[in-house]
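Coordinate analysis (summary)
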Amino acid sequence: MFVIEDEIHAELCGEFETFDSALAELRSRATVPWDSAPNQCPCQSWKTCGREYSIVQYDVSKSPWTVIARSIVLEISSKGVVWHEASD
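It should be emphasised that the depicted structure is a prediction, and the values quoted were computed from it without experimental measurement.

Cut-off values and rules
Residues numbered from 1 in each chain as written. Predicted model: local features only at pLDDT ≥ 70, side-chain atom pairs only at ≥ 80, totals over all residues. Heavy atoms only, no water. Phe/Tyr/Trp six-rings, centres within 6.5 Å; stacked < 30°, edge-to-face > 60°. Helix = DSSP H or I, 4+ residues; strand = E, 2+ residues; numbered from the N terminus. Buried < 20%, exposed > 50% of the residue type's maximum accessible area, 1.4 Å probe, protein only. Pairing = 2+ DSSP bridges. Axes fitted to C-alpha atoms, helices over the stretch in contact; angles between N-to-C directions. Contact = heavy atoms within 4.5 Å. Salt bridge = Lys/Arg side-chain N within 4 Å of Asp/Glu carboxyl O.

1. Thoughts on the packing of aromatic side chains
Considering all chains together, one arrives at three aromatic pairs under this definition. Between F2 and F19, the aromatic rings sit 6.0 Å apart at their centres with planes inclined by 80°, giving edge-to-face as the arrangement. Within this pair, whereas F2 is found in strand 1 (residues 2-6), its partner F19 is found in helix 1 (residues 19-29), the two being separated by 17 residues in sequence. Given a relative accessible area of 11%, F2 falls into the buried group. A relative accessible area of 7% means that F19 is categorised as buried.

Encoded structure:
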């Protein structure tokens, strides 16, 4: 299981079967303005805040889920879009 998480706001942003499908969702989000849903931050200081999207891989074969890997992939803010090297 792969989950997109906004690290800054501890917000889960979707569950995906593959790393590539999670990455495709982030590619889509990167085309959306920083101040529009789903990129607008949920906090009161959203105009000066940003999103830091990670893809987290979980082992879901037992409860609670165990993190296998976590990588920051995309940052979106009023300053622009920053991609980080994605690896599965």
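2. Digging into the pairing of strand 2 (residues 11-16)
Of the pairings in the sheet, the one linking strand 1 to strand 2 comprises four bridges and is antiparallel in character. Bridge assignment links V3 to a residue of strand 2, and that residue is E15. As consecutive antiparallel partners, strand 1 and strand 2 are separated by four residues, and within that stretch A10 has a phi angle of approximately 50°, a positive value.

3. Description of the sheet that holds strand 3 (residues 50-59)
Taken in spatial order, the five strands of this open sheet run 2-1-3-4-5, and their pairing is antiparallel. Pairing within the sheet leaves two strands with one partner each, and these edge strands are strand 2 and strand 5 (80-83). Adjacent strand axes in the sheet meet at a mean angle of 25°, parallel and antiparallel pairs treated alike. Sheet strands touched by helix 1: strand 1, strand 2, strand 3, strand 4 (66-77) and strand 5. Its angle to strand 3, the strand with the most contacts, is close to 170°.

4. Observations regarding the pattern of salt bridges
Tallied over the entire structure, the rule returns five salt bridges. For E11, the salt bridge identified is with R51, shortest N-O distance 2.3 Å. In this pair, E11 sits in strand 2 while R51 sits in strand 3, placing the two residues 40 residues apart along the sequence. You can call E11 partly exposed: its relative accessible area is 28%. For R51, a relative accessible area of 5% translates into the label buried. Between R29 and E25 there is a salt bridge whose closest N-O contact spans 2.9 Å.

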